[in-house]
2 protein chains.
Amino acid sequence: MTTKKTPPSPEGASGPFSELHPPVSHWAREVRPIDPGFDPAIRYRLDHLTKPLGSLGRLEEVALWYARLHGSDRPPAPKGTCVVFAADHGITAEGVSAYPSSVTRQMVLNYLGGGAAISVLSRIHGFTLKIVDVGVDGDLDGLPDLVHRKVRRGTRNFIKEPAMMPAEGIRAMEAGMEMAVQAAESGATLLLTGEMGIGNTTAASALAAALLRHPPEDLTGTGAGLTQDGKLHKIRVIDEALARYRPLLASPMDWLFSVGGLEIAALTGFIIGGAVRRIPVVLDGFITGAAALAAVTLIPEVRPWLLASHMSQEPGHRRVLEHMGLSPLLFLGLRLGEGSGAALAYPLVVAAVELYNHMATFEEAQVSQAGPG
Amino acid sequence: MTTKKTPPSPEGASGPFSELHPPVSHWAREVRPIDPGFDPAIRYRLDHLTKPLGSLGRLEEVALWYARLHGSDRPPAPKGTCVVFAADHGITAEGVSAYPSSVTRQMVLNYLGGGAAISVLSRIHGFTLKIVDVGVDGDLDGLPDLVHRKVRRGTRNFIKEPAMMPAEGIRAMEAGMEMAVQAAESGATLLLTGEMGIGNTTAASALAAALLRHPPEDLTGTGAGLTQDGKLHKIRVIDEALARYRPLLASPMDWLFSVGGLEIAALTGFIIGGAVRRIPVVLDGFITGAAALAAVTLIPEVRPWLLASHMSQEPGHRRVLEHMGLSPLLFLGLRLGEGSGAALAYPLVVAAVELYNHMATFEEAQVSQAGPG
């Protein structure tokens, strides 16, 4: 199935990406530094709520993270918007997925019909859900509840040629940024990331291996349900692609466009958009983690805006989170994607912030504080 | 502070407990076996929902657990009732807690006033919250929202004499059973366990050490905020108490009444009540774990009704859960009690059941299934 012809580089071995892709260099200037000015007030309140010091564990870190990013010691109640970006992958022609590409389109219809996991979680946990077609290889015209931003019908097969042309990748990133801006204007105070794309664990593993300079075998799993043989084949495909691109590609953007996906590029734009619009971002699993890795590699100042919802079964997820210094909230053995992990962590973030905002202090409740232990 | 006099046994080195304590032997007969008859139908549905096989990880186990216990492949939506049992501990006279006993009463008022963690979590996650005084050492008369079942004003100092007389312990257990029955009659489909009692990690560590026949130093932590010196003192107090009772006590009930607490005995009754009334029970942290250990030691058939919400920072919690073969859902470094861990896991249980009940199947959503990987 694979060709021995060296694939062309999308832009050659190029200089710093920021000279090449003005939208991202512009975004980079818009990510302003975090203001830690409220940290003492936030910590003071955390330490004076009616509970033993530090007894809410990780939730206290989450409350501090959220309040600091909202620049307030009395931050707004969390109001989440989850955006699921969907796209197909040319690399599926190499037999790297347990499901056919047609499932991407079918699942988009399932999201809109309310039957998918993320649809159910949106209903029971009360966050807004938006589904965006950035590159599904199928007809989704005329669906009013779908956000139509199709760049092309799936990426190219990246073992033969770059997955996207730079202009296509930029369009996908801009769609992501647009969704973050839209969420901000609708009053979202928290962004949840989601994705659907048959074949996208292959793209994410290739992208993570390239950006982390790590062997693909450590970053590649069974995706939605490959056998062990299937996984070995997937690793060989990624290895071959990376070997071909490595002499040609230099910048993270080159890699994102050459071996990534349209939904991964859109997520990269969406995550950067969170930092630009100053809205904290909850990551989902491995795919959104790879997109976050691309975002943070491009613009390191994006990092503080991120929270890792869970640790998935995909082995690459751990590496990507460790590299970014992110420690997940949940360890449930999930490997579904769609934003389901972010959605399951959402009530924990809500709880962290509502506990912080609404618990009484020792003084208010007239409760005695700890004596010398 | 401690006496060298050997404490009396509450009932002497006695035969099988069931001959001694008719209410519990009666309850034991009421715990009917689990019916696994719906398991194949539940597993079939789990495997045909629109997601890769097993991709919801632990949540699939939780859905199976809940549906099996409700004896249905379409179980009722979770409707939780959290009961917080509060009581004081005579052992606090030995200086084993960072907080004074008066905080137990103050915190009960805080629960009722809505300012405590469990109050906030009840509001945001929508479960019913009941607060029961089974032994607070202070005046709580006339509060209409409090359930008044005070057995006595705190336990006795168990380093000097048994914490409870058998009749007192039984009354506390019956109060717990009564709350389970009441929750069942109000339509609860899930019980959440909670507790408040300054000094109760000392009682729980002593009880767990006795029932597990494990050295107290492995089961004793800093509670609500002891120093390391404070913890070493706490271990010495427990060691001394256990050494004195060990030659005299035989049955788990003896231990529960001699070194436990009124809220721990009530929780034991409440947990048994879940199994008797066939309502699954979500445990909180170390204290409710020790109560569950007592319940399971008395009536092993209670075990399948239990779910561990989280792994607390108290070292005894891990031992107790491992002994019962329970694997917690959350690892957040909590050590607050009150039912806060159970409350934080509640949205995960709700999500597991609602996903199971309301996701579309592949057939319903016309989504293709996995091919050979």
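All of the points below concern the structure found in this document. Only a predicted model underlies this, so the values are computations on that prediction, with no experimental measurement involved.

Scoring rules and cut-offs
Residues numbered from 1 in each chain as written. Chains lettered and ligands numbered in written order. Predicted model: local features only at pLDDT ≥ 70, side-chain atom pairs only at ≥ 80, totals over all residues. Heavy atoms only, no water. Helix = DSSP H or I, 4+ residues; strand = E, 2+ residues; numbered from the N terminus. Rg over C-alpha atoms; globule rule 2.2 N^0.38 Å. Buried < 20%, exposed > 50% of the residue type's maximum accessible area, 1.4 Å probe, protein only. Contact = heavy atoms within 4.5 Å. Areas by Shrake-Rupley, 256 points an atom, 1.4 Å probe, with all protein chains shown as cover. Lys, Arg positive; Asp, Glu negative; His and termini not counted. Charge placed at Lys NZ, Arg CZ, Asp CG, Glu CD. Pairing = 2+ DSSP bridges. Axes fitted to C-alpha atoms, helices over the stretch in contact; angles between N-to-C directions. Salt bridge = Lys/Arg side-chain N within 4 Å of Asp/Glu carboxyl O. Least-squares fit on C-alpha atoms with pLDDT ≥ 70 in both. Expected span 1.5 Å × (residues − 1). Core = buried A, V, L, I, M, F, W, Y, C linked by side-chain atoms within 4.5 Å. Parallel < 35°, antiparallel > 145°, perpendicular 65-115°, else oblique. Phe/Tyr/Trp six-rings, centres within 6.5 Å; stacked < 30°, edge-to-face > 60°.

## Concerning the overall build of chain A
The helix and strand tally for chain A stands at 15 helices and 6 strands. At 21 Å, chain A has a C-alpha radius of gyration in line with the 21 Å of a compact globule built from 373 residues. With respect to the principal axes defined by its C-alpha atoms, chain A has extents near 75 × 45 × 40 Å. Within chain A, buried positions represent 63% of all 373 residues. For chain A, contacts bridging at least 24 residues in sequence account for 76% of all contacts bridging at least 6. Total accessible area computed for chain A in this model is approximately 12600 Å², and 51% of it derives from carbon and sulfur atoms. Side-chain charges in chain A split into 33 positive and 37 negative, and the spacing between the mean points of these groups amounts to 2 Å.

## A closer look at the sheet that holds strand β4 (residues 190–196) of chain B
Sheet strands pair via backbone hydrogen bonds, and the direction of the pair is either parallel or antiparallel. Residues and elements named next belong to chain B. Read from one edge to the other, the open sheet built from 6 strands follows the order β3-β2-β1-β4-β5-β6, with strand pairing classed as parallel. Single-partner strands in this sheet number two, and they are β3 (146–148) and β6 (306–308). Geometrically, the sheet is characterised by an average inter-axis angle of 30° between neighbouring strands, direction not taken into account. With 3 bridges joining them, strand β5 (residues 281–283) and β6 adopt parallel strand pairing. The residue bridging Val-282 from the neighbouring strand is Leu-307, located in β6.

## Digging into the interface of chain A and chain B
Every contact between the two is made by 60 residues of chain A and, on the other side, 59 residues of chain B. Joining chain A to chain B, the criterion identifies 0 salt bridges. Listed by contribution, the elements that provide at least two residues to the side of chain A that touches chain B are α4 (58–69), α5 (102–113), α6 (117–125), α14 (340–358) and α15 (362–365) of chain A.

## With respect to the relation of the copies chain A and chain B
Copy one and copy two of the chain differ by a rotation about a common axis and a shift along it. Overlay of chain A on chain B (RMSD 0.0 Å): rotation 180°, translation along the axis 0.0 Å. In the structure described here, the two chain copies are related by an operation that fits a two-fold rotation axis. Take the interface residues of chain A: 98% of them recur as interface residues in chain B, which is what a same-surface contact looks like.

## So, the environment of Ala-86 of chain A
Residue and element names in this part refer to chain A. Among the secondary structure elements, Ala-86 is positioned in strand β1 (residues 80–87). Sequence-wise, Ala-86 and Asp-73 are 13 residues apart; in three dimensions their C-alpha atoms are separated by 37 Å. Among residues more than four places away in sequence, those in contact with Ala-86 are Thr-104, Val-108, Val-132, Asp-133, Val-134, Gly-135, Val-136, Met-196 and Glu-263.

## Some thoughts on the sheet that holds strand β4 (residues 190–196) of chain A
All names here are of chain A. On the basis of which strands lie adjacent, the open sheet formed by 6 strands has the order β3-β2-β1-β4-β5-β6 and parallel pairing. The open sheet is flanked by β3 (146–148) and β6 (306–308), the only strands paired with a single partner. Between one strand axis and the next, the sheet turns through 30° on average, direction left out of account. Strand direction decides the pairing type here: β1 and strand β2 (residues 128–135), joined by 7 bridges, are parallel. By the bridge assignment, Ala-86 is partnered in β2 with Asp-133.

## Focus on α5 of chain A
In this model α5 of chain A runs 17 Å from its N-terminal to its C-terminal C-alpha over 12 residues, within 8% of the 16 Å that 1.5 Å per residue would give. Those residues of α5 of chain A lying buried are Val-103, Thr-104, Gln-106, Met-107, Val-108, Asn-110 and Tyr-111 of chain A.

## Description of the pattern of salt bridges
Residues and elements named next belong to chain A. Here the structure, examined in full by the defined rule, presents 20 salt bridges over all chains. The salt bridge partner of Glu-178 is Arg-149, with a shortest N-O separation of 2.5 Å. Taken together, the residues span a long stretch of sequence, with Glu-178 in helix α7 (residues 166–185) and Arg-149 in the loop between β3 and α7 at a distance of 29 residues. A relative accessible area of 28% means that Glu-178 is categorised as partly exposed. The partner of Arg-152 in a salt bridge is Glu-168, with the nearest N and O atoms 3.7 Å apart. Highlighted residues: Arg-152 in the loop between β3 and α7 and Glu-168 in helix α7, separated in sequence by 16 residues. Classification of Glu-168 by relative accessible area gives buried; the value is 13%. The network of salt bridges with shared partners includes Arg-152, Arg-156 and Glu-168.

## A closer look at the side chain of Ser-55 of chain A
Tracing the backbone shows Ser-55 of chain A in the loop between α3 (39–48) and α4. Beyond its immediate sequence surroundings of up to four residues, Ser-55 of chain A is in contact with Glu-60 of chain A together with Gly-333, Leu-334, Arg-335 and Leu-336 of chain B.

## With respect to the environment of Leu-121 of chain A
Secondary-structure assignment places Leu-121 of chain A in helix α6. For the pair Leu-121 of chain A and Leu-344 of chain A, spaced 223 residues apart in the sequence, the C-alpha separation amounts to 7.4 Å. Look past the residues within four positions of Leu-121 of chain A in its chain and what remains in contact with it is Gly-126, Phe-127, Ser-340, Ala-343 and Leu-344 of chain A together with Ala-351 and Leu-355 of chain B.

## Details of the nonpolar core
Ranked by internal contacts, the top residues of the largest apolar core, which has 278 residues, are Met-173, Leu-306 and Met-324 of chain A together with Met-173, Val-302, Leu-306 and Met-324 of chain B. When neighbours within four sequence positions are excluded, Met-173 of chain B is seen to be in contact with Val-24, Trp-27, Met-253, Leu-256, Phe-257, Ala-265, Ala-266, Thr-268, Gly-269, Ile-272 and Leu-298 of chain B.

## Here's the deal with the pairing of β4 of chain A
All names here are of chain A. When you tally the buried positions in β4, you get 7 out of 7 residues, the bulk of the element. Here β4 shows no split at all, with Leu-190, Leu-192, Gly-194 and Met-196 on one side and Leu-191, Thr-193 and Glu-195 on the other all buried. Where β1 lies against β4, 7 bridges are found, and the strand directions are parallel. By the bridge assignment for β4, Cys-82 is matched with Leu-192. Sheet topology note: the β4/strand β5 (residues 281–283) ladder contains 2 bridges and is parallel. Across the sheet, the residue bridging to Leu-192 is Val-282, located in β5.

## Comments concerning the packing of helix α3 (residues 39–48) of chain B against helix α14 (residues 340–358) of chain B
Residues and elements named next belong to chain B. For the pair α3 and α14, the least separation of the axes is 9 Å and the interaxial angle reads 80°. The orientation of α3 with respect to α14, classified from their angle, is roughly perpendicular. Here α3 contributes Ala-41, Ile-42, Arg-45 and Leu-46 to the contact with α14, which in turn contributes Tyr-356, Asn-357 and His-358.

## Remarks on helix α8 (residues 200–212) of chain B
Residue and element names in this part refer to chain B. A rise of 1.5 Å per residue sets the reference length of α8, with its 13 residues, at 18 Å; its end C-alpha atoms lie 18 Å apart and thus fit the reference within 8%. Extensive coverage of α8 is indicated by the burial of 13 of its 13 residues. Positive backbone phi, at 50°, marks Arg-213, one or two positions downstream of α8.

## Details of the packing of aromatic side chains
All names here are of chain A. What the rule picks out here adds up to 6 aromatic pairs over all chains. On the basis of an interplanar angle of 80° and a centroid distance of 5.4 Å, the ring pair of Phe-127 and Tyr-346 is categorised as edge-to-face. In this pair, Phe-127 sits in the loop between α6 and β2 while Tyr-346 sits in helix α14, placing the two residues 219 residues apart along the sequence. On the basis of relative accessibility, which here comes to 4%, the residue Phe-127 falls in the buried class.

## Concerning the environment of Leu-332 of chain B
Residue and element names in this part refer to chain B. Following the sequence through the fold, Leu-332 ends up in the loop between α13 (315–324) and α14. Residue classification places Leu-332 among the buried residues on the basis of a relative accessible area of 1%. Taking the C-alpha atoms as reference points, Leu-332 and His-310, 22 residues apart in sequence, are found 7.4 Å from one another.

## Examining the side chain of Glu-195 of chain A
Within the secondary structure, Glu-195 of chain A is located in strand β4. Look past the residues within four positions of Glu-195 of chain A in its chain and what remains in contact with it is Val-84, Phe-85, Tyr-111, Asn-200, Glu-263, Leu-267, Asp-284, Ile-287, Thr-288, Gly-337, Glu-338 and Gly-339 of chain A.

Purely geometric numbers; function is a separate question.
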